[in-house]
Amino acid sequence: MIHHISIDARDPLRVAGVLAEIWKGKVYKFLVPGSYLVMPFDKYGSHIVVFKSGDVWVPGADVQSAKVFQTAPTDFVSAHAAISVPIDDRQIEQIGQREGWRVLTRKQGNGIPFSAVEFWVENRCLFEFFSPEFAPQYLQTMQPEAIEQMLGQPLDFVPA
């Protein structure tokens, strides 16, 4: 169970507002100045923190907790998230088009294991959104039998 993720954005408040619109959630100022928290208030406590572009998590020294540190912003990020949302794919597409962000609805078939809406926040950070229609396909695809059919047997990992 993943309860929260964090991303960075050039315009964190705008991004938080768009994510809240798609997720039917609310936006709050977060503990780090210039960052925002998006919460749909589901039963899992799910949320997304949107930091300023270039903000990264770094480990603390000795017994200090992790902290956010400002670095040089990047054009793209490697992390992405797949999230079930309460609106349909057409609504997601309309929101992305309104913002001028790339949106692509992938349909299951021809090598695509499940349908999803690729939603590129600020054209640099990928979210895969599952509308109520698409979520069951994803859940079915993530079952052990389906994963083994796509990827083969799990690896035997032995820590060194």
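Residues numbered from 1 in each chain as written. Predicted model: local features only at pLDDT ≥ 70, side-chain atom pairs only at ≥ 80, totals over all residues. Heavy atoms only, no water.

Asker: For this particular structure, what's the right way to read the overall build of the protein?
Answerer: Helix and strand counts for the protein come out as four helices and 10 strands. Of the regular secondary structure in the protein, the N- to C-terminal order runs β-α-β-β-β-β-β-β-α-β-β-β-α-α. With 160 residues in all, the protein has 37% of them scored as buried. Sequence-distant contacts in the protein: of pairs separated by 6 or more residues, those separated by 24 or more amount to 46%. Summed over its atoms, the accessible surface of the protein is roughly 10000 Å², and 58% of this surface lies on carbon and sulfur atoms. (Helix = DSSP H or I, 4+ residues; strand = E, 2+ residues; numbered from the N terminus. Buried < 20%, exposed > 50% of the residue type's maximum accessible area, 1.4 Å probe, protein only. Contact = heavy atoms within 4.5 Å. Areas by Shrake-Rupley, 256 points an atom, 1.4 Å probe, with all protein chains shown as cover.)

Asker: What am I meant to see in the environment of glutamate 99 here?
Answerer: Along the chain, the position of glutamate 99 falls in helix α2 (residues 89-99). Here glutamate 99 falls in the buried class, since its relative accessible area comes to 14%.

Asker: Please explain the pairing of strand β10 (residues 125-130) as it appears in this structure.
Answerer: In the case of a regular strand, side chains alternate between the two sheet surfaces. Of all six residues in β10, six are buried, a share of seventy percent or more. With burial as the criterion, each face of β10 is covered, one bearing Cys125, Phe127 and Phe129 and the other bearing Leu126, Glu128 and Phe130. Sheet topology places strand β7 (residues 81-84) next to β10; four bridges connect them, and they run parallel. Counted as the bridge partner of alanine 81 is phenylalanine 127 from β10. Here strand β9 (residues 116-121) runs beside β10; their pairing, made up of five bridges, is antiparallel. Paired with valine 117 across the strands is phenylalanine 129, a residue of β10. Where β9 folds back onto β10 in an antiparallel hairpin, the turn is made up of three residues, including glutamate 122, whose phi is positive at roughly 55°. (Pairing = 2+ DSSP bridges.)

Asker: What's the story with the sheet that holds β9 in this structure? I'm lost.
Answerer: Adjacent strands of a sheet pair through backbone hydrogen bonds, lying either parallel or antiparallel. With respect to topology, four strands assemble into an open sheet ordered β7-β10-β9-β8, the strand pairing being mixed. Edge positions in the sheet fall to β7 and β8 (103-106), since each has one partner strand and no second. Each adjacent strand pair in this sheet contributes to an overall mean axis angle of 25°, direction not counted. On the sheet, helix α1 (residues 12-23) packs against β7, β9 and β10 and is oriented at approximately 165° with respect to β9. (Axes fitted to C-alpha atoms, helices over the stretch in contact; angles between N-to-C directions.)

Asker: Explain α1 here, please?
Answerer: Given 3.6 residues per helical turn, the α-helix brings residues three or four places apart onto the same face. With 12 residues, α1 should reach 16 Å at 1.5 Å per residue; the first-to-last C-alpha distance of 16 Å fits that figure. Those residues of α1 that sit buried are Pro12, Val15, Ala16, Val18, Leu19, Ala20, Ile22 and Trp23. (Expected span 1.5 Å × (residues − 1).)

Asker: Is there a simple way to think about the nonpolar core in this case?
Answerer: Taken as a class, soluble globular proteins show a tendency for nonpolar side chains to be buried jointly. One finds Leu19, Ile22, Ile48, Val50, Phe119, Phe127 and Phe129 to be the most contacted residues of the largest nonpolar core, which totals 31 residues. For this core, the secondary structure elements donating two or more residues are β1 (4-9), α1, β3 (36-39), β4 (47-52), β7, α2, β9 and β10. For this core, the element with the highest residue contribution is α1, accounting for seven residues. Those residues in contact with phenylalanine 129, other than ones at most four positions away along the chain, are Leu19, Ile22, Ile83, Val85, Ile92, Ala116, Val117, Phe119 and Phe134. (Core = buried A, V, L, I, M, F, W, Y, C linked by side-chain atoms within 4.5 Å.)

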